[in-house]
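Listed below are the residues making up each chain.
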Amino acid sequence: DVKVTQSSRYLVKRTGEKVFLECVQDMDHENMFWYRQDPGLGLRLIYFSYDVKMKEKGDIPEGYSVSREKKERFSLILESASTNQTSMYLCASSLGDFYNEQFFGPGTRLTVL
Amino acid sequence: GESVGLHLPTLSVQEGDNSIINCAYSNSASDYFIWYKQESGKGPQFIIDIRSNMDKRQGQRVTVLLNKTVKHLSLQIAATQPGDSAVYFCAENWVNRDDKIIFGKGTRLHILP
């Protein structure tokens, strides 16, 4: 079974802090994704990556950056956390090549005070 | 508690009855569709998928129906059980959109005892 893990289930940070959210998948998937999930807004794509060192902006990249130094790991970075970044963050991975079912991690609930 | 389900349409079904969850997708060029289930406090989990060259696909207790004429997708769950309580998302993808997926807003399924 594909396993996607996220470094924290719950995280509380202060405004202005730099925040790192880590995601690891163990199935050698090419693609990895970061979403945020908010009530009434559904899942919104922040960034995604097709390969190591590659990244593409999603629908809401402002205030975020990402890093993919190894195939299995995809990090989401909040350069200077703000209260409107309080959300549930979900990481996903997929095999690619049109078989693009995405496998999700358990999520990180981030609260920015 | 889980806040992702706030402001979502809710379907209430008696335990043991069949459930039908509907989804209108946005792009007539979409050629791959997925249903996800998200339980409280967890990431979305793949249920079943269907490609545009099919109009019906069956899994264990679940059936997905695709009507391309009206851009409509439905998920049928047979003999609904308490464990089926969750938020259900449809998702679509189309060639030339790489491996990104567009998610619907979701429907909460509530099982009545």
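Scroll up for the structure.
Residues numbered from 1 in each chain as written. Chains lettered and ligands numbered in written order. Predicted model: local features only at pLDDT ≥ 70, side-chain atom pairs only at ≥ 80, totals over all residues. Heavy atoms only, no water.

### Some thoughts on the state of the cysteines
- Taken as a whole, this structure holds 2 disulfides over all chains when the rule is applied.
- Sulfur-sulfur distance for the disulfide between Cys23 of chain A and Cys91 of chain A comes to 1.8 Å. The disulfide joining Cys23 of chain A to Cys91 of chain A has a torsion of about -75 degrees about its S-S bond and is therefore left-handed. Remark: Cys91 of chain A occurs in strand β9 (residues 87-94) and Cys23 of chain A occurs in strand β3 (residues 19-25); sequence separation between them is 68 residues. Like Cys91 of chain A, Cys23 of chain A is buried.
- A sulfur-sulfur separation of 1.7 Å characterises the disulfide bridge that pairs Cys23 of chain B with Cys90 of chain B. (Disulfide = S-S within 2.5 Å. Helix = DSSP H or I, 4+ residues; strand = E, 2+ residues; numbered from the N terminus. Buried < 20%, exposed > 50% of the residue type's maximum accessible area, 1.4 Å probe, protein only.)

### Remarks on the sheet that holds strand β2 (residues 19-24) of chain B
All names here are of chain B.
- Spatial strand order, β2-β7-β6-β5: 4 strands in an open sheet with antiparallel pairing. Either end of the sheet is taken by a strand with one partner, and the two such strands are β2 and β5 (56-58). Here the strands of the sheet are splayed against their neighbours by 15 degrees on average, with no regard to which way each runs.
- Relative to strand β7 (residues 72-77), strand β6 (residues 62-67) is paired through 6 bridges, and the arrangement is antiparallel. Note on β7: the bridge partner recorded for Leu65 is Ser74. (Pairing = 2+ DSSP bridges. Axes fitted to C-alpha atoms, helices over the stretch in contact; angles between N-to-C directions.)

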